[in-house]
Structures are given as C-alpha cells and as structure tokens.
Amino acid sequence: MNKLGKNALEWSVFGVSCVLVLALLGFLGYASWNYTDSPAHIEFHLGQPTKVGKIWQVEVEVQNKGGHAAEGVEIEVEWAAQKQTANFVLPHLPHQGKRTGFAIFEATGTSQLSTSDLKARVTGYEEG
C-alpha cells in the first residue's frame, strides 16, 4: 500500500487553525484576568449648544465606565437661568460603551446658551 502524507495545504490549514485557537484562548484568558465586577459608572460630556430655529440643541455623550450594563438611563439637563429642564432616556448603555442623546431647550428672546450655563445629572437607571 502506498502511504500518503499530508500535503502543504493540509499543513497550512492545520497551522492556521492552531494559531486561531491559541489566539482565542489567549484573549479569553486576558479578558477573564482583567474583568472587574463593578457596578455601572456613568459619566457624561456636554457638547457645544447649537441654535436651530427657535430651540437650543445640546449634544450629550454618555459613557458607562463600569463593569455592568445599565438599562433605562435617565439623563436630566438643566438651564437654571431660564428655568428649563430637558430629559431623555437611553434604553441600553453597555459596559464600557458610549451613547449620545440630545437636550432641547426653548430659545427665549435674545438669550444665549453656553455649556457653563448647564447642569447635567443622571436621575436613575437599572443594572442590566
């Protein structure tokens, strides 16, 4: 009988498969080693207000730096000088993830709006 050995294609597929399996095991080991079981930690950044017609629009970037996802994140932005409050809800904010929402205020008279005039806070969320 003629014994057939592995050809170059079979060896290359075997080698690539071994590399992929080892890379996956390395990634999973690294991820489990660096995993921290911390609650959601929500931070936000207010963008520059933009006047659009008769409203002021402010972009709000929300980031979760914690180890758990957050559901139903309620954000409140207050313009104290004009006694206006804007609210919005982010349905899902994954851990280490970012989402963007917008706060809308009514432009009254000749009022100007800057980021320093605004106060933002998280009013509530559920851990997911």
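Look above for the structure.
Description of the structure in this document. Note that the coordinates shown come from a computational prediction; the quantities given were computed from them, not determined experimentally.

Thoughts on a nonpolar patch on the surface
Right, so step 1: Nonpolar side chains collect at one region of the surface, where V21, L22 and L25 lie side by side and expose about 310 Å² of accessible area between them.
Right, so step 2: Within the fold, L22 resides in helix α1 (residues 8–33).
Right, so step 3: A residue is classified by how much of its surface remains accessible, and L22, at 60% relative accessible area, is exposed.

Regarding the packing of aromatic side chains
Right, so step 1: Counting across every chain of the model gives 2 aromatic pairs.
Right, so step 2: Centre to centre, the rings of W11 and F14 are 6.0 Å apart; their planes meet at 85°, and the pair counts as edge-to-face. With W11 and F14 both in helix α1, this residue pair falls 3 residues apart, about one helical turn.
Right, so step 3: What makes W11 partly exposed here is its relative accessible area of 49%.

Remarks on the nonpolar core
Right, so step 1: Grouped together as the largest cluster of nonpolar side chains are 21 residues, with contacts concentrated most on V60, V77, F105 and L118.
Right, so step 2: At the level of secondary structure, the elements contributing two or more residues to this core comprise β1 (42–46), β3 (55–64), β4 (70–79), β5 (84–93) and β6 (98–106).
Right, so step 3: In terms of residue count, β4 provides more of this core than any other element does, 5 residues in total.
Right, so step 4: Those residues in contact with V60 that lie beyond four places of it in its chain are F44, H45, L46, I75, V77, F88, R99, T100, G101 and A103.

Focus: the pairing of β3
Right, so step 1: Here β3 shows a buried face lined by W56, V58, V60, V62 and N64 and an unburied face lined by I55, Q57, E59, E61 and Q63.
Right, so step 2: Where strand β2 (residues 50–52) and β3 come together, 3 bridges link them in antiparallel fashion. When the sheet's bridge partners are listed, V52 is paired in β3 with I55.
Right, so step 3: As consecutive antiparallel partners, β2 and β3 are separated by 2 residues, and within that stretch G53 has a phi angle of approximately 65°, a positive value.
Right, so step 4: Pairing of β3 with β6, which is carried by 9 bridges, proceeds in the antiparallel orientation. Along β6, the bridge assignment pairs E59 with F102.

Reading the values: the criteria
- Residues numbered from 1 in each chain as written.
- Predicted model: local features only at pLDDT ≥ 70, side-chain atom pairs only at ≥ 80, totals over all residues.
- Heavy atoms only, no water.
- Patch = residues over 30% accessible without salt bridge, like charges linked within 9 Å, V, L, I, M, F, W, Y side chains within 5 Å.
- Areas by Shrake-Rupley, 256 points an atom, 1.4 Å probe, with all protein chains shown as cover.
- Salt bridge = Lys/Arg side-chain N within 4 Å of Asp/Glu carboxyl O.
- Helix = DSSP H or I, 4+ residues; strand = E, 2+ residues; numbered from the N terminus.
- Buried < 20%, exposed > 50% of the residue type's maximum accessible area, 1.4 Å probe, protein only.
- Phe/Tyr/Trp six-rings, centres within 6.5 Å; stacked < 30°, edge-to-face > 60°.
- Core = buried A, V, L, I, M, F, W, Y, C linked by side-chain atoms within 4.5 Å.
- Contact = heavy atoms within 4.5 Å.
- Pairing = 2+ DSSP bridges.

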